Amino acid sequence: MLSGTPDLVLGRTRRLVLDFKTGRAWPEHPEDMRFYALLLLLRTGVAPYRVATFFLDSGEWQAEDVTEETVEHAAGRVADAAIATIELSKGRPPTLRAGAHCEWCPRRTRCPAAAGWFERSGSGKSSDAA
Ligand code: SF4
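Residues numbered from 1 in each chain as written. Predicted model: local features only at pLDDT ≥ 70, side-chain atom pairs only at ≥ 80, totals over all residues. Heavy atoms only, no water.

Attention shifts here to the nonpolar core. In this structure, Val-17, Met-33, Tyr-36, Ala-37, Leu-39, Leu-40, Val-51, Val-66 and Val-71 together form the largest nonpolar core, which totals nine residues. Membership of the second largest hydrophobic core comes to seven residues, among which are Cys-102, Cys-111, Ala-114 and Trp-117. (Core = buried A, V, L, I, M, F, W, Y, C linked by side-chain atoms within 4.5 Å. Buried < 20%, exposed > 50% of the residue type's maximum accessible area, 1.4 Å probe, protein only.)

The following block contains the structure:
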(Lines give C-alpha, C1' and ligand atoms only; values in the text may rest on other atoms or scores of the structure.)
Protein backbone atom coordinates (compact mmCIF):
# COMPACT_ATOMS: atom_id res chain seq x y z
CA MET A 1 0.00 0.00 0.00
CA LEU A 2 1.29 3.43 -0.94
CA SER A 3 0.00 6.36 1.07
CA GLY A 4 0.75 10.01 1.58
CA THR A 5 -1.04 13.29 2.11
CA PRO A 6 0.31 16.51 0.65
CA ASP A 7 -0.68 19.70 2.46
CA LEU A 8 -2.56 21.21 -0.49
CA VAL A 9 -3.73 20.17 -3.96
CA LEU A 10 -5.03 22.97 -6.20
CA GLY A 11 -7.05 22.46 -9.39
CA ARG A 12 -9.46 19.80 -10.65
CA THR A 13 -8.01 18.70 -13.96
CA ARG A 14 -4.61 20.41 -13.95
CA ARG A 15 -3.32 19.97 -10.43
CA LEU A 16 -0.61 21.72 -8.46
CA VAL A 17 0.59 19.85 -5.35
CA LEU A 18 2.04 21.87 -2.46
CA ASP A 19 3.72 20.95 0.77
CA PHE A 20 4.68 23.37 3.53
CA LYS A 21 7.82 22.79 5.57
CA THR A 22 9.58 24.41 8.46
CA GLY A 23 13.37 24.45 8.44
CA ARG A 24 15.61 24.34 5.44
CA ALA A 25 15.54 22.41 2.18
CA TRP A 26 16.84 18.85 2.05
CA PRO A 27 17.29 16.49 -0.92
CA GLU A 28 14.48 14.34 0.52
CA HIS A 29 11.86 17.06 -0.01
CA PRO A 30 11.81 16.84 -3.84
CA GLU A 31 11.65 13.05 -3.50
CA ASP A 32 8.58 13.42 -1.26
CA MET A 33 6.95 15.64 -3.87
CA ARG A 34 7.73 13.22 -6.72
CA PHE A 35 6.12 10.49 -4.63
CA TYR A 36 2.97 12.63 -4.25
CA ALA A 37 2.95 13.06 -8.04
CA LEU A 38 3.07 9.27 -8.44
CA LEU A 39 0.27 8.83 -5.87
CA LEU A 40 -1.94 11.34 -7.66
CA LEU A 41 -1.29 9.64 -11.01
CA LEU A 42 -2.18 6.22 -9.57
CA ARG A 43 -5.28 7.56 -7.83
CA THR A 44 -6.72 9.79 -10.54
CA GLY A 45 -5.03 8.63 -13.74
CA VAL A 46 -3.54 12.11 -14.25
CA ALA A 47 -0.27 13.35 -12.81
CA PRO A 48 -0.10 16.91 -11.43
CA TYR A 49 1.60 19.40 -13.73
CA ARG A 50 3.83 20.67 -10.94
CA VAL A 51 4.86 19.84 -7.36
CA ALA A 52 6.37 22.35 -4.96
CA THR A 53 7.59 22.72 -1.40
CA PHE A 54 7.22 26.08 0.34
CA PHE A 55 9.57 26.79 3.24
CA LEU A 56 7.70 28.78 5.85
CA ASP A 57 10.77 30.18 7.62
CA SER A 58 12.62 31.48 4.57
CA GLY A 59 9.67 32.07 2.22
CA GLU A 60 11.48 30.14 -0.53
CA TRP A 61 10.02 27.68 -3.02
CA GLN A 62 11.39 24.43 -4.37
CA ALA A 63 9.25 23.61 -7.41
CA GLU A 64 9.47 20.99 -10.15
CA ASP A 65 7.40 20.42 -13.28
CA VAL A 66 6.16 16.84 -13.38
CA THR A 67 7.25 14.80 -16.40
CA GLU A 68 7.08 11.14 -17.30
CA GLU A 69 10.63 10.85 -15.94
CA THR A 70 9.48 12.33 -12.62
CA VAL A 71 6.90 9.61 -11.98
CA GLU A 72 9.18 6.89 -13.38
CA HIS A 73 11.84 8.01 -10.91
CA ALA A 74 9.33 7.90 -8.03
CA ALA A 75 8.09 4.47 -9.15
CA GLY A 76 11.69 3.24 -9.24
CA ARG A 77 12.22 4.36 -5.66
CA VAL A 78 9.04 2.57 -4.60
CA ALA A 79 10.22 -0.60 -6.36
CA ASP A 80 13.65 -0.32 -4.69
CA ALA A 81 11.99 0.06 -1.27
CA ALA A 82 9.75 -2.95 -1.91
CA ILE A 83 12.73 -5.07 -2.98
CA ALA A 84 14.74 -3.96 0.08
CA THR A 85 11.80 -4.82 2.36
CA ILE A 86 11.60 -8.31 0.90
CA GLU A 87 15.38 -8.79 1.16
CA LEU A 88 15.38 -7.65 4.80
CA SER A 89 12.49 -10.00 5.59
CA LYS A 90 14.62 -12.82 4.16
CA GLY A 91 17.53 -12.03 6.45
CA ARG A 92 19.73 -9.54 4.59
CA PRO A 93 21.42 -7.37 7.22
CA PRO A 94 20.34 -3.71 7.08
CA THR A 95 22.74 -1.09 5.72
CA LEU A 96 23.19 2.27 7.43
CA ARG A 97 22.69 5.15 4.99
CA ALA A 98 23.70 8.45 6.48
CA GLY A 99 22.29 11.76 5.33
CA ALA A 100 20.72 14.98 6.50
CA HIS A 101 18.14 12.96 8.45
CA CYS A 102 20.93 11.91 10.86
CA GLU A 103 20.84 15.35 12.48
CA TRP A 104 17.75 14.22 14.42
CA CYS A 105 18.95 10.71 15.20
CA PRO A 106 19.79 9.98 18.85
CA ARG A 107 22.43 7.46 17.68
CA ARG A 108 24.41 9.91 15.59
CA THR A 109 27.32 10.24 18.05
CA ARG A 110 27.94 6.48 17.93
CA CYS A 111 26.99 5.75 14.34
CA PRO A 112 29.95 4.98 12.02
CA ALA A 113 27.99 5.90 8.90
CA ALA A 114 26.93 9.26 10.33
CA ALA A 115 30.49 10.18 11.40
CA GLY A 116 31.70 9.94 7.81
CA TRP A 117 28.71 11.82 6.47
CA PHE A 118 29.06 14.70 8.93
CA GLU A 119 32.78 14.94 8.10
CA ARG A 120 32.08 15.13 4.37
CA SER A 121 29.24 17.62 4.78
CA GLY A 122 31.31 19.77 7.16
CA SER A 123 28.38 20.37 9.49
CA GLY A 124 30.12 19.09 12.63
CA LYS A 125 26.75 17.98 13.98
CA SER A 126 27.83 14.47 14.99
CA SER A 127 29.28 15.79 18.28
CA ASP A 128 26.24 17.95 19.16
CA ALA A 129 24.07 15.16 20.54
CA ALA A 130 23.23 15.07 24.25
S1 SF4 B 1 22.87 8.37 12.57
FE2 SF4 B 1 23.15 6.28 11.79
S3 SF4 B 1 21.45 5.14 12.69
FE4 SF4 B 1 20.92 7.32 12.83
S5 SF4 B 1 19.74 7.78 10.96
FE6 SF4 B 1 21.90 8.24 10.53
S7 SF4 B 1 22.73 6.38 9.57
FE8 SF4 B 1 20.79 5.81 10.60
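Around the ligand sit Leu-96, Arg-97, Ala-98, His-101, Cys-102, Cys-105, Arg-108, Cys-111 and Ala-114, and that is every residue in its neighbourhood. Here the residues of the shell around the ligand sort into six nonpolar, one polar and two charged. (Near = heavy atom within 4 Å. Nonpolar A, V, L, I, M, F, W, Y, C, P; charged D, E, K, R; others polar.)

Before going further, it helps to spend a moment on the side chain of Glu-31. Along the chain, Glu-31 turns up in helix α1 (residues 28–44). Relative accessible area serves as the criterion here: at 17%, Glu-31 is assigned to the buried category. For Glu-31, the side chain forms a polar contact with the side chain of Arg-34, separated by 3.2 Å. Within the structure, Glu-31 has its side chain in polar contact with the side chain of His-73 (distance 2.9 Å). Residues in contact with Glu-31, not counting those within four places in the same chain, are His-73 and Arg-77. (Helix = DSSP H or I, 4+ residues; strand = E, 2+ residues; numbered from the N terminus. Polar contact = N/O pair within 3.5 Å; in protein donor to acceptor, adjacent residues only side chain to side chain. Contact = heavy atoms within 4.5 Å.)

Further remarks concern the packing of α1 against helix α2 (residues 68–89). For any two helices packed against each other, one specifies the crossing angle of their axes together with the interaxial distance. At a minimum axis separation of 8 Å, α1 and α2 run at an interaxial angle of 100°. Between α1 and α2, the crossing angle belongs to the class labelled roughly perpendicular. Contacts between α1 and α2 involve Glu-31, Arg-34, Phe-35, Ala-37, Leu-38 and Leu-41 from the former and Thr-70, Val-71, His-73, Ala-74, Ala-75, Arg-77 and Val-78 from the latter. Grouping the amino acids of the contact of α1 with α2 by side-chain chemistry returns eight nonpolar, two polar and three charged. (Axes fitted to C-alpha atoms, helices over the stretch in contact; angles between N-to-C directions. Parallel < 35°, antiparallel > 145°, perpendicular 65-115°, else oblique.)

A word on the packing of aromatic side chains. As enumerated under the stated definition, the model contains two aromatic pairs in all. Judged by centre distance (6.3 Å) and plane angle (80°), the ring pair of Phe-20 and Phe-54 falls under edge-to-face. Placement of the pair is Phe-20 in strand β2 (residues 16–21) and Phe-54 in strand β3 (residues 50–55), with a sequence separation of 34 residues. Residue Phe-54 is classed as buried on the basis of its relative accessible area, which comes to 18%. An angle of 55° between the planes, with centres 4.8 Å apart, marks the rings of Phe-54 and Trp-61 as tilted. Residue classification places Trp-61 among the exposed positions, given a relative accessible area of 52%. In textbook terms, an aromatic cluster arises when at least three aromatic residues are bridged by ring pairs, as seen for Phe-20, Phe-54 and Trp-61. The aromatic ring of Tyr-49 is capped on one face by Arg-14, whose charged end is 4.2 Å from the ring centroid. (Phe/Tyr/Trp six-rings, centres within 6.5 Å; stacked < 30°, edge-to-face > 60°. Lys NZ or Arg CZ within 6 Å of the ring centre and 35° of its normal.)

When the parts of a complex come together, some accessible area is lost, and that lost area is often taken as the interface size. Domain annotation for the protein reports domain 1 (8–89) and domain 2 (96–130). The gap between the C-alpha centroids of domain 1 and domain 2 is 26 Å. (Domains from an automatic or database assignment.)

With that settled, the discussion passes to the pattern of salt bridges. Taken as a whole, this structure holds seven salt bridges when the rule is applied. Where Asp-19 meets Lys-21, a salt bridge forms, and the shortest distance between an N and an O atom there is 3.4 Å. Exposure remark for Asp-19: the relative accessible area of 3% places this residue in the buried category. Of the charged contacts in the structure, one is a salt bridge between Arg-77 and Glu-31, with a shortest N-O distance of 3.3 Å. One end of the pair, Arg-77, is in helix α2; the other, Glu-31, is in helix α1, and 46 residues separate them in sequence. (Salt bridge = Lys/Arg side-chain N within 4 Å of Asp/Glu carboxyl O.)

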